[in-house]
Amino acid sequence: MSAPTTKPAGPWRTLWRRLLHNRVACVGGVILALLYLSSIFAGFVSPYRYDTGDRDASRAGPMLFGGFVLQEREVPSAEQPGKTVTLLERRFTWFEGGIHFHDSRGRFSFRPHVHPLIEREYADEHGDREYLRAVEDRSVSLPIEFFVQGEEHELFSLLGFPPHITGTTHLFGVRAPPGLNGRAHVFLLGSDATGRDIFSRLLYGGQISLSVGLVGVAISMSLGMLFGGLSGYYGGVFDLVFQRVVELILSVPGLYLIIVVGGALRGLQHADGKPLDSREIYLLIVVVLAFVYWASISRVIRGMVLSIKENEYVTAARALGVPTVAIVVRHILPNTLSFAIVTATLSIPYYILGEVALSFLGLGIQDPEASWGNLLREAQETSYLVRQPWVIAPGVFIFLAVMAFNFLGDGLRDAADPKAVIHRPKAG
Amino acid sequence: MTTFLLRRILALPPLLAAISVFTYLLLGLSGRDYFAKLEEDPKVTQDYVMALRASVGKVVAVDPRDRAREIGTFTGADGGPQFSFDAEGNLLKDGVATDARHEQQHVKHFTAHGEAYTVTQQGKVYRWVGAVRGYFAWLSRAARGDLGESYQYKKSVGDVIADKVWNTLKLSLVALVIAWGLAIPLGVWSGTRPNSVVDHACGAVAYFGLSIPTVFLALLAVLFAYYTGWFPVGGMRDLVAWDRMTTGQRLVDSAHHLVLPAAVIGFSSMAGYMRQMRGQMVETMSADYVRTARAKGVATRTVTYRHALRNAINPLLTLLGFSIAGLLSGSFLVEVVMNWPGLARVVVDAVFARDEPLVMASVLVAALMLVVGNFLADVLLAIADPRIRLE
C-alpha cells in the first residue's frame, strides 16, 4: 500500500495559473487576442480591401461618430458686387447620422443602418463649379447586412506570403439597392483622400504593425541569447569585442539610429534597378529594428549568465565532463528563460513603435500598403488633423496594443518572479 | 575621480570614431548619393554633376597628362572595345581618336587597376574616391574640427546644426525637469500610502503614461492646443510678431511655445521614474532605521523626508543616465509632430536628401549628448551617494 501521491505542479503550470489570477494581465491578453485575431482575419472582418477605394466617396466622416451634412452660407458675390451668393459647405455633425437604428421611414429597427453618400455640385462665389463629396443623404437609410458577399480577400494574408486562402464573404457591409442615388458604403472610421475605408486599412495595417513586434523579438531574442550567453560564459576576447559592439549600438539614441539605418536601407535596389517591393521593405524594417534592439537584451542575458555560471550545478556538470555547449544550452540558458519571456513581452512595444516611427516619417511601409505608422501620417498635417480629428484613430490602436503588452508583460513578470525588478525605459 | 574622468574622456574618441565609421558605411550602402537625383534631371549636364562631386571630394579629376600613365588601356563597362588615352589625355578607341560623347555606354563607369573611373561627355576623367578613402578624408578633416559643408544648405554643418542642437537640448532639459518634478513628489506621495486610493490613482496615471506612444500624445496635444486656444499649435516662436517684440515679450512667447511639447515628453517619460520612486519609498519606509527613528519618536515628516527619501532617491539617479537616451528618442517624434526646429527634423530631412556630412554630424552630436548625459549622471550619483567611488 503506497500513499496516494500527487505530482507537484510544474513551473509552467504554476506560471499559467498565477497569470490567470491576475485580472489586469487577463485584460491585456484579451485585448491582444482581439487585435491579433481581427488583423489576421482582416480580409473577413473588414468590409473592404486595403487598396480599393471609391473616389466618389473620398474623405467621408467616421460613421461610428456621425457624418457630414450640407450647410448653406451666404457670401458676397465676387462677380456681381452688392449681391450675395449661397455657398454649400460640409459640416460634421457629431453623433447624428452615421450608424443609426431606424429605416428610411423613421421606424425603429434593431438592425443598424447607414445613409448613402451623395455628391453635390454648386457654383462658388466666382461662379465656378465645385463638388462636395461624401455628404449623407439623411432621407434614405440602408441596412447593414452581415456575412455579405463582397470583394475577394485573403484569409491569413501577410504581404503575399503563403498560404493563399481566399474568400468573398465579409463580416458586414452594405449593398446598394437598384436605382440608389449616391454611394452605399459603411465607413466606420471614415475614408481617406482616395476613398479607401480607414477601418479596413487599420485592420490590414495591424497585420504589419503587430507582426513586426513578434518577428523582431524572435530575431533579437535569439541573437541576444546566443551572443549574450556565449560572451557571458566564455569571457575573454570574445566578450571584450562583443561588449564594445553593444556599447556602440547603445550609445546612439534609439530613434536616431533607426532613422539612419532605415534611411540607408531605403535606397537599396535590385541589381536591375527595380525598387524593393513591400514584402522586402517589411523584412528590412524588421531587420533594422532587431539590429537596434538586440544589444540591450544580450547585455542583460550576459549579466545573468555571469552569475548563473558560478552555481554549484554548473561546476558539477563541468566536473562530470559535460561539453561546454551542452552546459550553456542545457543548464544556463533555461535559467534565463523566464526572464527572456518577460523581456520579450515587454519589448514588443519597442518594435511596434519603431515601425510606427519609421513609417510615420515615410521611411517604412509605403502607400498603398497599410500600417499603423503610415496611416498616422495623415495626421501629420496640422490643418488636416484639426478639421478631421478622427485621423488619429491609428494612434488609439497603437496605444491599446502597447498598453495590452505592458499589462501582459507585468503579469508574466509577477507570475514568473514577483521580486524581480526589470528596468524598462519608455519605448518611444 | 580623476582616473574615472580620464578614462571616460579617453574612451570618447574611439567610440565616436566607431560610430562615424558605422554611419559612413551605412550611408554608402545604397550606392546612391545626394547628386544622383541631379543626374536624373535632363536639364543638368553630367559634367556639372561630376564637377559638383569633385568639389565635395567624392571624385578626383585626373589630369590629362596623367591619364595614359594612370589608366592606360581598359575595356568598357560592357566588355566592348578597348579604350586608351594618348599623351595629351584624349580618348582613343582601339587606338583611334574618338569622342567621349558617343562612347558613354562604355566609359560612363569603368574600372581599371581596381579603381572606378568616369569619362564625362566633354571628355573629362574622374576617379571615384570610394568609401574607405572618403571616410579617412572625412576623419582627418573632422579631427581638425571641420565637419564639412552640408550639401543641401551649402554652408558649414556646424552652422546648420548649432542652434538646432541647442533647441533640442532646451526641449529635453525642460522635459527632464517636468518629468522629475512630477515623478518624485507623486512617487513619494503614493509610496508613503501604499494601496490607498491615491496610490492606485497614481499607478493608473503611470500606466497610462508608460503605454501612450509619444507620437499619439503629441497629436492629442496639437488637438488640445487648437481647440482650447491656450497654447500655440506648433513651432518655437510667433513668426509674425517676433520681430516687434521686446526681450521680455520674447521670453514669454518662447516659454509659451515650449510648455506643451516639453509637457508631452515629460509626462510620457515620467511614469517609469514614478513607479521606481514609489517602489523605493515603500521599501525604505519598512527599513530598520526608519522603524528605529519612529520608535525614538521622530516626527513622521522628518522620518519621511530626512531618513527615507534621502535613501530612496539614490537608485533613481542611476535611472537619470537611462533617461537621457529616452528623452532624446522621445523628443524625436514630438519635434516632428509639433514643428519644433530641433535636431530631429534636420536628421530626417538629411537622411531623405542623403546629405552625408549633415547626417554624420547630427548622429555624432546626438551620441555625444547621450554620452555626456550618462557621464553627468554617474558623477551626480557619486556625489549623492558616498558609498560609490568612481575609479
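Residues numbered from 1 in each chain as written. Chains lettered and ligands numbered in written order. Predicted model: local features only at pLDDT ≥ 70, side-chain atom pairs only at ≥ 80, totals over all residues.

Description of the overall build of chain A
The criterion, for reference: For the purposes of this entry, the term helix denotes a DSSP run of H or I that reaches at least four residues, the term strand denotes a run of E that reaches at least two, and both are numbered from the N terminus. What the globule rule says is 2.2 Å times the number of residues to the power 0.38, and the radius of gyration is computed from C-alpha atoms. Our exposure labels follow a C-beta count within 10 Å of each residue's own C-beta, placed from the backbone: buried means 20 or more other C-beta atoms, exposed means 12 or fewer, and partly exposed covers the counts in between. Contact definition: two residues whose C-beta atoms, as placed from backbone geometry, lie within 7 Å.
Check the secondary structure of chain A and you find 12 helices and 9 strands. Taking 2.2 N^0.38 as the reference for a compact globule, 428 residues should give roughly 22 Å; the C-alpha atoms of chain A span a radius of gyration of 28 Å, well beyond that estimate. Its C-alpha atoms give chain A principal-axis dimensions of roughly 100 × 65 × 40 Å. Burial analysis of chain A (428 residues in total) assigns 41% to the buried set. For chain A, the share of sequence-separated contacts (at least 6 apart) that also reach a separation of at least 24 residues comes to 73%.

Concerning the confidence of the model for chain B
Put simply, the test is: Each residue carries a pLDDT value, the predictor's own confidence for that position, ranging from 0 to 100.
For chain B, per-residue confidence averages 84 on the pLDDT scale, and 97% of positions sit at 70 or higher. Across the predicted assembly, pTM comes out at 0.87 and ipTM at 0.86.

As for the environment of B:Val222
Within the fold, B:Val222 resides in helix H9 (residues 214–228). Considered as a pair, B:Val222 and B:Gln82 are 140 residues apart in the sequence and their alpha carbons are 65 Å apart. Discounting residues that sit within four places of it in the chain, B:Val222 has contacts with A:Thr382, A:Leu385, B:Val233, B:Gly234, B:Val337 and B:Met338.

What about the interface of chain B and chain A?
Where interface size is quoted, it is often the accessible area lost as the parts come together. With 47 residues of chain B at the contact, the number on the chain A side is 38 residues. Only helix H1 (2–28), helix H8 (197–211), H9, helix H10 (247–285), helix H13 (314–337), helix H14 (343–353) and helix H15 (356–384) of chain B provide two or more residues apiece to the side of chain B that touches chain A. Ranked by residue count, the leading element in the side of chain B that touches chain A is H13(B), at 10 residues.

Things to note about the nonpolar core
Operational definition: Residues enter a nonpolar core if they are buried, belong to Ala, Val, Leu, Ile, Met, Phe, Trp, Tyr or Cys, and are joined to the set through C-beta atoms within 7 Å.
Residues A:Ile258, A:Leu289, B:Ala218 and B:Ala366 are the most contacted members of the largest nonpolar core, which totals 174 residues. Among the elements that take part in this core, helix H9 (residues 324–360) of chain A stands out by supplying 16 residues, more than any other. Contact partners of B:Ala218, with chain neighbours within four places excluded, come to B:Val264, B:Leu333, B:Val334, B:Val337 and B:Met338. In this structure, B:Val62, B:Ile71, B:Val107 and B:Tyr126 belong to the second largest nonpolar core, which totals 13 residues.

Let's talk about the environment of B:Ser156
With respect to the helices, strands and loops of the structure, B:Ser156 is situated in the loop between helix H6 (130–143) and helix H7 (157–191). The sequence separation of B:Ser156 and B:Ser323 amounts to 167 residues, and the corresponding C-alpha distance is 31 Å.

Quick word on the pairing of strand E6 (residues 129–136) of chain A
Residues and elements named next belong to chain A. Stated precisely, the cut-off is as follows: Here the rule is simple: two strands pair whenever DSSP picks up at least two bridges between them.
Sheet analysis places strand E5 (residues 117–123) next to E6, joined by 6 bridges and oriented antiparallel. Of the residues in E6, the one forming a bridge with Glu121 is Tyr131. Joining the antiparallel neighbours E5 and E6 is a turn of 5 residues, in which Gly127 adopts a positive phi near 85 degrees.

Digging into the domain arrangement of chain B
Condition: What counts as a domain boundary in this text is fixed by an automatic or database domain assignment.
For chain B, the assigned domains are domain 1 (32–143) and domain 2 (157–389). Look at where the C-alpha atoms of domain 1 of chain B and domain 2 of chain B centre, and you get two points 52 Å apart.

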